[in-house]
Amino acid sequence: MEISVEFFPPKTPEGEIKLRLVRERFNQKLKPSFYSVTFGAGGSTQSGTLQIVSEMHAAGEMAAPHLSCVGSSRESVRDMLIQYRNLGIRRIVALRGDLPSGMGQYGEFLHANELVDFIRAETGDWFHIDVAAYPETHPQSKSPLSDLDFFVQKMKSGANSAITQYFFNCDAYFRFIEEANDLGVVQPIIPGIMPITNSTQLIRFSEACGAEIPRWIRLRLQSYGDDVASIRAFGEDVVTDLCDQLLSDGAPGLHFYSLNQADTVLAIAENLGLV
Ligand code: FAD
């Protein structure tokens, strides 16, 4: 079973120091198979991804940079691939990404399947490639079935595995797996897990990325108001149950969206007997 943890590149020196401590705690207690590091489309945190991935790789940790292609040229993506290969990085999360608002240029890649094709053409089998999956359907897709078809195409372009957008409804995940398998996908599709620690932030994120917060969870979170301790306790319980059900019913691993925090992910992992 593969357990992985996602970080974003810190924007301040204090954030960098904090992330080192967070990594140390994960290394000691959870020993994830790999850490992935997000990549901001349009330049915001792009150099930060390379920097943190280099630091993690030098520390002997398995680091997988995210690489988004929207707004990029073939030349710039080639340069990043060369940098990562020269560093010794063996795993990449390949994404289309989203154009930041006000930045209208799509660049030379329109969809993530083109990036997967390009990585394979440029670097052969050097990288293990993960792609994104959306059990509750990508918010911009024409229909759930077209989204599924494009996902299958992306997997058949040469992805080794997929990581899902987060969700709180197991049925959506298992149906998606079943349908993707029926269309010939044999690679693992790892559920992405979002810990619940802050209801306002979670509701805002979920609206943007098309993840549904079930009514009973949303109402309960709203009823706690500013009572952070109750939100955390309830969130830990709900997400532990979700992970437990996913693993019992055959999910091949868990990918935690840590938001650069260790406490809640480690508490959930401990509840699951993974620590
Ligand atoms: P695609 O697979 O290209 O899909 C995007 C849309 O286009 C979908 O609606 C799909 O149905 C449609 N589509 C796909 N292929 C085709 C085709 N060939 N022709 C026509 N339509 C098509 N964003 C970041 O900016 N940085 C990150 O680090 C980052 N990390 C992420 C990690 C994970 C695990 C996930 C799930 C998402 C992440 N995202 C990140 C968000 C992601 O970039 C957005 O969801 C983005 O809108 C879609 O990226 P994609 O790779 O899924 O795109």
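Residues numbered from 1 in each chain as written. Predicted model: local features only at pLDDT ≥ 70, side-chain atom pairs only at ≥ 80, totals over all residues. Heavy atoms only, no water.

*Asks:* Describe the side chain of serine 206, and please don't skip the residues or the numbers.
*Replies:* Its location among the elements puts serine 206 in helix H7 (residues 199-209). Under the relative-accessibility criterion, serine 206 is labelled buried at 4%. In this structure serine 206 touches Tyr166, Ala211 and Ile213, once residues within four positions along its chain are discounted. (Helix = DSSP H or I, 4+ residues; strand = E, 2+ residues; numbered from the N terminus. Buried < 20%, exposed > 50% of the residue type's maximum accessible area, 1.4 Å probe, protein only. Contact = heavy atoms within 4.5 Å.)

*Asks:* How would you explain the site of the ligand if you had to name every residue and give the values?
*Replies:* Phe39, Asp98, Tyr134, His138 and Asp147 are the nearest of the 23 residues found near the ligand. Between the ligand and alanine 112 there is a distance of 2.9 Å, counted from an oxygen atom to a backbone nitrogen or oxygen. Within the side chain of histidine 138, one N or O atom sits 2.7 Å away from an oxygen atom of the ligand. Relative to its free-state accessible area of 970 Å², the ligand is covered by the protein chains to the extent of 86%. Put simply, the parts of the chain that give the shell around the ligand at least two residues each are helix H4 (112-123), helix H5 (144-156) and strand S6 (161-166). (Near = heavy atom within 4 Å. Polar contact = N/O pair within 3.5 Å; in protein donor to acceptor, adjacent residues only side chain to side chain. Areas by Shrake-Rupley, 256 points an atom, 1.4 Å probe, with all protein chains shown as cover.)

*Asks:* Quick rundown of the pattern of salt bridges? Include the residues and the values.
*Replies:* Under the definition given, this model contains 11 salt bridges. Ionic pairing is found between glutamate 75 and arginine 78, a salt bridge with its closest N-O pair at 3.0 Å. Taken together, the residues glutamate 75 and arginine 78, both in helix H3 (residues 74-87) and three residues apart, mark about one turn of the helix. Given a relative accessible area of 46%, glutamate 75 falls into the partly exposed group. Arginine 78 gets classed as partly exposed once you look at its relative accessible area, which sits at 25%. (Salt bridge = Lys/Arg side-chain N within 4 Å of Asp/Glu carboxyl O.)

*Asks:* Requested: an account of the environment of isoleucine 217, with residues and values cited.
*Replies:* Mapping isoleucine 217 onto the fold places it in helix H8 (residues 215-223). The exposure class of isoleucine 217 is buried, given its relative accessible area of 0%. Once the C-alpha coordinates of isoleucine 217 and tyrosine 173 are considered, the two residues, 44 residues apart in sequence, prove to be 18 Å apart. Those residues within four positions of isoleucine 217 in sequence are excluded, and the remaining contacts are Phe168, Ile196, Phe234 and Val238.

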